[in-house]
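# Descriptive structure summary
Spelled out from the first residue to the last, the chains are:
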Amino acid sequence: MQFQWYPGHMTKAKRAMQEDLKLIDVIVELVDARVPLSSKNPDIDQMANGKSRVILLNKYDLADDKKTQMWMEYYEGKGYFVTKVNSKNGTGVKAVQDIIRQACQEKIERDRKRGILNRPVRAMIVGIPNVGKSTFINSFAKKACTKTGNKPGVTKGKQWIRLNKNVELLDTPGILWPKFEDQKTGLRLAYIGSIKDELFNIYELSLLLLEYLHGYYPGAVSSFYQIEKEEDCAKQLELIAIRRGCMKAGGLYDVDKAAKCLVDDFRAGKLGKISLETPESV
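None of these values were measured; they are calculated from a predicted model. Note that residues are indexed from 1 along each chain, following the sequence as it is written. Only residues with pLDDT of at least 70 get local features here, since the model is predicted, and only at 80 or more are side-chain atom pairs given and counted; chain-wide, interface and lining totals rely on the full set of residues. As a rule here, side-chain values come from all non-hydrogen atoms in the structure, and water together with hydrogens is ignored.

## Thoughts on the packing of aromatic side chains
Note on ring pairs: Phe, Tyr and Trp rings are taken, using the six-membered ring of Trp, and paired if centres are within 6.5 Å. Classes follow the plane angle, with under 30 degrees stacked, over 60 edge-to-face and the rest tilted. Applying the stated criterion to the full structure yields seven aromatic pairs. Where Tyr212 meets Tyr216, the ring centres are 4.6 Å apart and the plane angle is 25 degrees; that geometry is what we call stacked. Of this pair, Tyr212 and Tyr216 both sit in helix α8 (residues 202-216), four residues apart, roughly one helical turn. Seen in terms of ring centroids, Phe224 and Tyr225 are 4.8 Å apart; in terms of plane orientation they differ by 75 degrees. Their pairing is edge-to-face. Among the aromatic residues, those joined into a cluster by ring pairs are Trp71, Tyr74, Tyr75 and Tyr80. The side chain of Arg122 reaches across the aromatic face of Trp160, ending 4.2 Å from its centre. Helix and strand definitions here come from DSSP, where helices need a minimum of 4 consecutive H or I residues and strands a minimum of 2 consecutive E residues; each element is numbered from the N-terminal end. In this scheme, the term charge over a ring applies when either NZ of a lysine or CZ of an arginine sits within 6 Å of the ring centre and within 35 degrees of the ring normal.

Structure, rendered in structure tokens:
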């Protein structure tokens, strides 16, 4: 499967982000805890220009706990301020304000020495499409101040959100980068829903997902669907079709419908806590 796309609005959003970086003190980047590297936009690193950096491992409730801990240590070792959050239920969100201020401590101290007191820290919130950025901001601000949705491209333009006298947030549209150097990155982003489903073959995607799950989380699929273990991924998909009643006229299996069920169930965390990459794998 080949993943290659870069809609024009993303070029515009990236240009606007470069301008907005002049206004902010710290970049807060949300990544999906199941794919903490693949969901991290390398363009942000190039644009950061010495700004303080915070990484939030979002949706950690869907990820493998041991692997999430490995990623936290990995990014801390690279100088980032890191924490994990579950934006949907608000777990870990309260601690984010403290970590933003920790990341900006040197700047706050410089301001204090210059007699600038109580100036709010300005943080830019960035993240690729469908990583949960709008849900995080709503949870962080404790009110519905941005649109949320379960599909890429919900946030259309930038907006400032004043949380309190200490922190102001600049929300930005989610942007992907122009080219995936490694097609596995595109594949992982397709698994979690950061690339629109219309842009790839869902049947092929489901077979590749099954192959990964067989290798790293054996039994996860058969246990959830209550079906026999089957090493042949195509046959396993047929078993899922039977279990879910995905049939066509004439008694044929509707494997495309079964494939969509599998991918949706994975995205919702129904197959268990699963991570798709580790620091060692990169």
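## Re the packing of helix α10 (residues 233-244) against helix α11 (residues 255-267)
Here, axes are lines fitted to C-alpha atoms. For helices the fit covers the stretch in contact, and angles between N-to-C directions go from 0 to 180 degrees. The interhelical angle for the contact between α10 and α11, taken along N-to-C directions, is 90 degrees, at an axis separation of 9 Å. Comparing their axes, α11 and α10 come out roughly perpendicular. Two secondary-structure elements touch here, α10 through Leu237, Glu238, Ile240, Ala241 and Arg244 and α11 through Val255, Ala258, Ala259, Cys261, Leu262 and Asp265. Taken together, the residues that form the contact of α10 with α11 break down as eight nonpolar, no polar and three charged. The labels follow the angle: roughly parallel below 35 degrees, roughly antiparallel above 145, roughly perpendicular from 65 to 115, and oblique for the rest. Contact between two residues is taken to exist if any of their heavy atoms lie within 4.5 Å; hydrogens are not considered. Classification convention: Asp, Glu, Lys, Arg as charged; Ala, Val, Leu, Ile, Met, Phe, Trp, Tyr, Cys, Pro as nonpolar; all other residues, Gly among them, as polar.

## Comments concerning the sheet that holds strand β1 (residues 26-32)
In short, DSSP must find at least two bridges between two strands for them to pair. The sheet built from six strands is open, its strands ordered β3-β2-β1-β4-β6-β5 with mixed pairing. A single partner strand is all that each edge strand has here, and the edge strands are β3 (81-85) and β5 (159-162). On average, adjacent strands in this sheet sit at an angle of 25 degrees to one another, irrespective of strand direction. Both β1 and strand β4 (residues 121-126) contribute to a ladder of four bridges, which runs parallel.

## Some points on α10
Taking 1.5 Å of rise per residue, 12 residues should cover 16 Å, and α10 covers 16 Å from first to last C-alpha, within 8% of that figure. Turning to α10, its buried residues number three or more, namely Cys233, Gln236, Leu237, Ile240 and Ala241. Buried residues of α10, viewed axially, fall in a sector of 150 degrees; they line one side. Between N or O atoms, a polar contact is any pair within 3.5 Å; within protein, one atom must be a potential hydrogen donor and the other a potential acceptor, and residues adjacent in sequence are included only when both atoms are from side chains. At the N-terminal boundary of α10, the capping side chain belongs to Asp232, with an oxygen 3.0 Å from the backbone nitrogen of Ala234. Immediately downstream of α10, the backbone of Gly245 shows phi near 70 degrees, a positive value. In this analysis, the expected span of each helix is defined as 1.5 Å times one less than the number of residues it contains. For each residue, the accessible area found with a 1.4 Å probe, counting protein chains only, is set against the maximum for its type, and the residue is called buried under 20%, exposed over 50%, and partly exposed in between. Summarising the geometry, the arc corresponds to the directions from the helix axis toward the C-beta atoms.

## Observations regarding the side chain of His214
Looking at the element boundaries, His214 is found in helix α8. A relative accessible area of 19% places His214 in the buried class. What His214 contacts, discounting residues up to four positions off in sequence, is Glu230, Glu231, Cys233 and Gln236.

## Digging into the pattern of salt bridges
Whenever Lys or Arg places a side-chain nitrogen within 4 Å of a carboxyl oxygen from Asp or Glu, that contact is recorded as a salt bridge. Summed over all chains, the structure comprises 20 salt bridges. Between Asp45 and Lys40 there is a salt bridge; the shortest N-O distance is 2.8 Å. On the basis of relative accessible area, Asp45 is assigned to the partly exposed category, the value being 37%. Lys40 sits in the buried class, given a relative accessible area of 6%. With a shortest N-O distance of 3.7 Å, Asp111 and Arg114 are connected by a salt bridge. The exposed category is assigned to Arg114, whose relative accessible area is 60%.

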